[in-house]
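These are the residues of each chain, in order.
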2 protein chains.
Amino acid sequence: MPEDALVAFMPSGKRGRFPLGTSLLDAARALGVDLDSVCGGRGICGRCQVRPSFGEFAKLGVVSASDHLSLPAHVERAYADRRGLGPDRRLGCSATISGDVVVDVPPESQVHRQLVRKRPDARPVEIDPMIHLHYVEVQEPDMHDPSGDFRRLASALEREWGITDATIELGVLAGLQKALRQGAWKVTAAVRDRREVVAVWPGFREKAYGLAVDVGSTTIAVHLTDLSTGDVVAQSGAMNPQIRFGEDLMSRVSYVMMNPGGDVALTEAVRQAIDAQVGETTGSAGLARADVLEAVLVGNPVMHHLLLGLDPTELGGAPFALALDHGLTMRASDLGLALHPGAKAVTLPCIAGHVGADTAAVILSEGPHLQDEMMLVVDVGTNAEIVLGNRQRLLAASSPTGPAFEGAQISCGQRAAPGAVERVRIDRETLEPRFKVIGADLWSNEPGFAEKTKATGVTGICGSGIIEVLAEMFLAGVLASDGTINGAMAAQSPRVIPDGRTFAYLLHAGSPALLIHQNDVRAIQLAKAALYAGAKLLMDRMGVDAVDRIVLAGAFGSHIDPLYAMTLGMIPDCEPARVSAAGNAAGTGARIALVNRAARAEIAEVVRRVEKVETAIEPMFQAHFVEAMALPHKTAPYPRLRRVMTLPEPMEPAERGGRRRRRQGS
Amino acid sequence: MPEDALVAFMPSGKRGRFPLGTSLLDAARALGVDLDSVCGGRGICGRCQVRPSFGEFAKLGVVSASDHLSLPAHVERAYADRRGLGPDRRLGCSATISGDVVVDVPPESQVHRQLVRKRPDARPVEIDPMIHLHYVEVQEPDMHDPSGDFRRLASALEREWGITDATIELGVLAGLQKALRQGAWKVTAAVRDRREVVAVWPGFREKAYGLAVDVGSTTIAVHLTDLSTGDVVAQSGAMNPQIRFGEDLMSRVSYVMMNPGGDVALTEAVRQAIDAQVGETTGSAGLARADVLEAVLVGNPVMHHLLLGLDPTELGGAPFALALDHGLTMRASDLGLALHPGAKAVTLPCIAGHVGADTAAVILSEGPHLQDEMMLVVDVGTNAEIVLGNRQRLLAASSPTGPAFEGAQISCGQRAAPGAVERVRIDRETLEPRFKVIGADLWSNEPGFAEKTKATGVTGICGSGIIEVLAEMFLAGVLASDGTINGAMAAQSPRVIPDGRTFAYLLHAGSPALLIHQNDVRAIQLAKAALYAGAKLLMDRMGVDAVDRIVLAGAFGSHIDPLYAMTLGMIPDCEPARVSAAGNAAGTGARIALVNRAARAEIAEVVRRVEKVETAIEPMFQAHFVEAMALPHKTAPYPRLRRVMTLPEPMEPAERGGRRRRRQGS
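Remember, predicted model here, so these are calculated numbers, not experimental data. (Residues numbered from 1 in each chain as written. Chains lettered and ligands numbered in written order. Predicted model: local features only at pLDDT ≥ 70, side-chain atom pairs only at ≥ 80, totals over all residues. Heavy atoms only, no water.)

What follows concerns the overall build of chain A. Each helix and strand in chain A was counted, giving 19 helices and 27 strands. The C-alpha radius of gyration computed for chain A amounts to 29 Å, which stays within 12% of the reference 26 Å derived for 666 residues, consistent with globular compactness. Expressed along its principal axes, the backbone C-alpha trace of chain A runs to roughly 100 × 60 × 55 Å. Put simply, chain A has 666 residues, and 60% of those count as buried. For chain A, contacts bridging at least 24 residues in sequence account for 66% of all contacts bridging at least 6. Accessible surface, chain A as shown: approximately 24,500 Å² in total, 53% of it carbon and sulfur. (Helix = DSSP H or I, 4+ residues; strand = E, 2+ residues; numbered from the N terminus. Rg over C-alpha atoms; globule rule 2.2 N^0.38 Å. Buried < 20%, exposed > 50% of the residue type's maximum accessible area, 1.4 Å probe, protein only. Contact = heavy atoms within 4.5 Å. Areas by Shrake-Rupley, 256 points an atom, 1.4 Å probe, with all protein chains shown as cover.)

All names here are of chain A. Between helix 9 (residues 357-366) and helix 15 (residues 585-595), the shortest axis-to-axis distance is 7 Å and the interhelical angle comes to 75°. Here helix 9 is positioned roughly perpendicular relative to helix 15, judged by the angle of their axes. Here Asp358, Ala361, Val362, Leu364, Ser365 and Glu366 of helix 9 lie close against helix 15, whose contacting residues are Ala585, Ala586, Thr588, Gly589, Ala590, Ile592 and Ala593. Across the contact of helix 9 with helix 15, the residue classes break down as eight nonpolar, three polar and two charged. (Axes fitted to C-alpha atoms, helices over the stretch in contact; angles between N-to-C directions. Parallel < 35°, antiparallel > 145°, perpendicular 65-115°, else oblique. Nonpolar A, V, L, I, M, F, W, Y, C, P; charged D, E, K, R; others polar.)

Moving on: the relation of the copies chain A and chain B. Placing chain A over chain B gives an RMSD of 0.1 Å and needs a rotation angle of 180°, together with 0.0 Å of translation along the axis. One copy is carried onto the other by what is essentially a two-fold rotation axis. In this assembly the copies share their binding face: 100% of the residues contributing to the interface of chain A also contribute to that of chain B. (Least-squares fit on C-alpha atoms with pLDDT ≥ 70 in both.)

With 46 residues of chain A in contact, the opposing surface of chain B contributes 46 residues. The contact between chain A and chain B buries some 3,800 Å² in all, and 62% of this surface belongs to carbon and sulfur atoms. Remark: the boundary between chain A and chain B carries six salt bridges. A salt bridge links Arg151(A) to Asp325(B), with the nearest nitrogen and oxygen atoms 2.6 Å apart. Elements represented by at least two residues in the side of chain A that touches chain B include exactly helix 3 (149-161), helix 4 (170-173), helix 5 (176-182), helix 8 (301-308) and strand 14 (328-331) of chain A. No other element matches helix 3 of chain A, which puts four residues into the side of chain A that touches chain B. (Buried area = accessible area lost by both parts, 1.4 Å probe. Salt bridge = Lys/Arg side-chain N within 4 Å of Asp/Glu carboxyl O.)

Quick look at the pattern of salt bridges now. All names here are of chain A. In this structure the tally under the stated criterion is 70 salt bridges over all chains. Here Arg90 makes a salt bridge to Glu76, at a shortest N to O gap of 2.7 Å. Of this pair, Arg90 sits in strand 4 (residues 90-91) while Glu76 sits in helix 2 (residues 74-83), and the two are 14 residues apart along the sequence. The two residues Arg90 and Glu76 agree in class, both being buried. When salt bridges with common partners are traced through the structure, they connect Asp36, Arg47, Arg83 and Glu206 into a single cluster.

Looking now at the packing of aromatic side chains. Considering all chains together, one arrives at 10 aromatic pairs over all chains under this definition. Its end group placed over the ring of Trp443(A), Arg434(A) keeps NZ or CZ at 4.7 Å from the ring centre. (Phe/Tyr/Trp six-rings, centres within 6.5 Å; stacked < 30°, edge-to-face > 60°. Lys NZ or Arg CZ within 6 Å of the ring centre and 35° of its normal.)

It is worth spelling out the sheet that holds strand 20 (residues 433-437) of chain B at this point. Residue and element names in this part refer to chain B. Strand order in the open sheet formed by three strands is 20-19-21, with mixed pairing between adjacent strands. With one partner strand each, in any of the chains shown, strand 20 and strand 21 (460-461) form the two edges of the open sheet. Inspection of the sheet shows strand 19 (residues 420-426) paired to strand 20 by five bridges, in the antiparallel sense. Residue pairing for strand 20: Val421 is matched across the bridge by Val437. Across the sheet, helix 11 (residues 463-475) is in contact with strand 19 and strand 21; its angle to strand 19 comes to roughly 15°. (Pairing = 2+ DSSP bridges.)

A few words on the environment of Trp161(A). Residues and elements named next belong to chain A. Tracing the backbone shows Trp161 in helix 3. A relative accessible area of 12% means that Trp161 is categorised as buried. Taking C-alpha positions, Trp161 is 7.6 Å from His134, a pair spaced 27 residues apart along the chain. With residues up to four places along the chain from it excluded, the contact list for Trp161 reads Arg29, Ser37, Val38, Cys39, Gly40, His134, Tyr135, Val136, Ala156 and Arg194. Polar side-chain contacts of Trp161 include one of 3.1 Å to the backbone oxygen of Tyr135. (Polar contact = N/O pair within 3.5 Å; in protein donor to acceptor, adjacent residues only side chain to side chain.)

Residue and element names in this part refer to chain B. Counting buried residues along strand 25 (residues 549-553), five of its five residues qualify, which places the element largely inside the surrounding structure. Burial along strand 25 is two-sided: Arg549, Val551 and Ala553 and Ile550 and Leu552, pointing in opposite directions, are all buried. Across five bridges, strand 16 (residues 375-380) lies against strand 25 in parallel orientation. In the sheet register, Asp379 faces strand 25, and the bridge partner there is Ala553. Pairing of strand 25 with strand 26 (residues 579-583), which is carried by four bridges, proceeds in the parallel orientation. Counterpart to Ile550 in the pairing with strand 26 is Val579.

Residue and element names in this part refer to chain B. Judged by pairing direction, the sheet is mixed, and its five strands sit side by side in the order 2-1-5-3-4 without closing on themselves. Taken across any chain shown, the strands that pair with only one partner, and hence form the sheet edges, are strand 2 (15-19) and strand 4 (90-91). Along the sheet, helix 1 (residues 24-31) contacts strand 1 (4-10), strand 2, strand 3 (49-52) and strand 5 (101-104); its crossing angle with strand 1, the most-contacted strand, is approximately 70°.

With that settled, the discussion passes to the side chain of Thr229(B). Note on placement: Thr229(B) falls in the loop between strand 11 (219-226) and strand 12 (232-239). If near-sequence neighbours (up to four positions away) are discounted, Thr229(B) is found in contact with Arg113(B), Leu115(B), Ile127(B) and Lys207(B).

Take helix 3 (residues 149-161) of chain B next. Along an α-helix, residues three or four positions apart point the same way, because every turn accommodates 3.6 residues. Residue and element names in this part refer to chain B. Over its 13 residues, helix 3 runs 18 Å from end to end, which matches the ideal 18 Å to within 8%, given 1.5 Å per residue. Residues of helix 3 that are buried: Asp149, Phe150, Arg151, Arg152, Leu153, Ala154, Ala156, Leu157 and Trp161. Downstream of helix 3 by one or two residues, Gly162 has phi in the positive range, about 70°. (Expected span 1.5 Å × (residues − 1).)

Our next topic: the confidence of the model for chain A. With 93% of its residues at a pLDDT of 70 or more, chain A has an overall mean of 89. Predicted confidence for residues 633-666 of chain A stays below pLDDT 50, and this span has 70 contacts to residues more than four positions away or in other chains. (pLDDT = per-residue confidence, 0-100.)

Turning next to the state of the cysteines. Residue and element names in this part refer to chain A. Under the definition given, this model contains zero disulfides over all chains. No disulfide involves Cys412; its nearest neighbouring cysteine sulfur is the one of Cys462, lying 11 Å away. Look at Cys412 and you get buried, because its relative accessible area is 10%. (Disulfide = S-S within 2.5 Å.)

Below, the discussion takes up helix 7 (residues 263-284) of chain B. Look at helix 7 of chain B: 32 Å from first C-alpha to last across 22 residues, which is about the 32 Å you get at 1.5 Å a residue. Backbone geometry just after helix 7 of chain B places Gly286(B) at a positive phi near 70°.

What follows is the structure, given as structure tokens:
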């Protein structure tokens, strides 16, 4: 009988000869095969499960398979009893080789598995968080070897996991004595960046969590994420309470300018709001705050500065100097977040005074820098952040769209909430509208609509509804190319009614009545012109006339119909199939940075080579802006839109609903 | 005329050829000459002063000197007007070479000058603090290059000082915007470890300060130190308020054991006390708390743990497990110290459960590991920490002397304070005593003594007084070798009086009367036997019968007369000239670690190779202890002490006073 045997791991194909009796986990480690383990081969965690292969693998030089492994020993049977083990599965740490063998490492047993992303076109992201859990058995203290508890923990981490020169902060150290003694010297340590011990729990533990936080001017979104799978286990969205200091960014900066020291109140407000959402998400997931070890936070420059407690005044005027453009790692408690005492908070880098860490996160999520196509990424909020480019070159700008797209500055506008009109169709002949409101899936002209909307009523029009009603008004001839509501139509339809010296369109004659006034059209024209002009400016700078792909990010971008957006001339013309909605791409980017350590270095590098275009000082911006006021504006031929105009239903509502449901997890 | 010239720097002798017009500072930097500068060669700081040499330096290949330098330019004359410049001095940054020249770099212009230590036998220590100040001119923000304030500061540090990849913490970042704008983009940055920006001040600043803190069980000593010179600019000593929870260490640990969570109160107490002393020392030096950028703290293991907020319970029983033996760097604010927001606190490593960071600091100060002689270092407090060794090998132990040496457990004992007896002589014939009290420099039998002590009175006996009175009683025959007060003497002198079943010696018949009771003698016997037995245990382990040098550290060790200590058998016999007092060596060691960054790595390495001897489990300790109870004990021949006994004055009081005055700065 030979003294060693050949072991081959699939799918990597890595193989080598090992002495009989070697565990598959040890063989995998020796070969650099990506096989997970938290408990260090003690049959506790079950992360090293493998599948012995059957049949012949001549090309691998291996003849047979499963009978060339040891029978399940006590520890493996105990694991199977306790937690279950598939009939074709073995624990890699327990199964030892007794002959040549081929084993499959299933995806869930790989350390570096892929983050599950629901959009088929999303960039692949490997799960490789900054923090890993390691179960260790620590040597007990001994009077003859008076080393400290932490030195003995560090020795165990080095001996069992190859982690050298471990460090610890005081806040974590304070709980070490107790954890070691409660766990009878068996503990699980969370180690950050293979160096800093950020948490120690008695006994075995296999899960740690992180937060991806998108601090928007209006909404704060928190995604509580399993660090080992990247799965979002709970999420919440809440109003940014800074709104009471000013609706938009500049009014908040003005508040600080007018009230020296007022930034402290804004900082407190946003930190408390995030912390409350931490309580909410951990609570709904049945977790404790101390289960959370890391938070990645993104936001536009003003949000970023206020979150960090940096005075945003400089961002309120030229030269719009950031205090910090680097990413920053700090204690979570520095931001008032009550997580584990060792938890860290990380902010992603900002790009420029108007283009923040949220845009960095959008880039991370959408990956324009990873592809050859010319991609335009637009994140529409109170400002529109615009990124254009590809592998070779990236440009970024921020365009002052104002809050019209979010329903502000629109007479019957409101935030997206139950009761808000989100879809509109206008009969091209009669000019009679039908619409849908959030919370009801019937058109307003379908039977049962009144019943369905009884609870919420029809309260206003949200951003996507405004886009649709204006586009439909334009397609139906109610709006002229210059944005004027065509008063001549008043003769044809009672829907077009005089409104002082202008006209209005009556969308809904309820209480409240939903009227589209001339000023509402002007507000959207200004906003869409700013957005288009920003994109055009970048295209000019890049030297391109068209883009290959458009990604609409942000809540608004996910809800609008791209065809209507092109109808209004919000975004450059593009093949409709190449326009996609990315949902909360900033939040997704934060989540990518949370679960993939390399992504942090990647975005730091990318951000430094993004060319920033400051719309405020670009003379061409004004020219593009003026041109882009028209519907659709003069410079774009919109050949495809001509076709669209004749289609009865530009897009099935079901498709849009599907897209909306995906937006959190995209 | 040649295009370049030879420049030689003394005392290093480094030299090289440079183009005419090169500044001496640039030449020094190119040659690696140790020439200081904070302002980066802008004629502001004056740290780069040099002295052109005259005469011929044939062996250096340089012929003449001072007229081969440029005449003082505007910036140098302005500096001389503003701050003064010696007639033979030039600013190295301003003076440029116009021919071959030799320049002296005076010690005060060297970056790495020596720490001034008053004891001639003290180890030399180079000033090389962890934190250096760098004056920089930061590029103003520019809309076309939207980098953050910190990136522009980091670029300036790299460009002007070669500091790459600078980092900053949030607390310091918050003040950056203001400092840059107040200083019109000229700021001084304090950079720690050539990496972390820990402070930024507008304009030029040349001083930063640190704290060396010795947290004793009884007393907390704080030394406010100039980081660039190592000079102590203010110091304070205050009672450790933890005393209200227990007089000695073990009673404080017991308090925590009996009152779970009680360690929080002890931690708060000591942190607040240190912080109050920070206020006191900075105030008396005319400085702000924010001028302090670093604190190095030492203490025994229980003090160390309580300071850090670590539960000391484990230190109260075998195996006496430390939570942490490493040195630790943290924010000063983590310890409740209100210094500069970027200030760090550093604790030195502990050696074992009974031998703490204070002993590590004593080793750093006295340097037994740097020499060939066999050195015994004894730091006497409530416990005696004992270190024995040399370059080859170091042993350490802690011996439970109890608080008798500090005046506790002695009927008329008191702490060293005005009114306490500190020196005693007893007439060998009449047994009449004379003594001195702290605060008066007359003997009690000299005219004017009563007047001198009117304010304080004669209130008790401090530690050094107890040693002297017992040694004198022994030398006068009042005490037998076994420590019994010889009742037969009562017949000869009214000073020996019956005291129940034993006798007492009347030192002073005032109010209060100072009587040395038999139990007082026993308390000192127990304490000195513990000290001696600990030293003997280490000598056994080392395999030596005698030591080459003895260093007595700590306040008590500095006040006692080594000859009396040997008379009582407290310490092993040693040539009196080789016994020295080191004063607060723990505080000095902390100060060394404060001003010399290499010392921190040095002590971390030394501490790991110290062999710890646990007196509690060494069978020989008890045997040595019992033997050492005698006066002087049986195993020591004390040949030299025989001579001493015949001397009328073992040591001049003036010498001792001199030694005491030195103790803070030794």
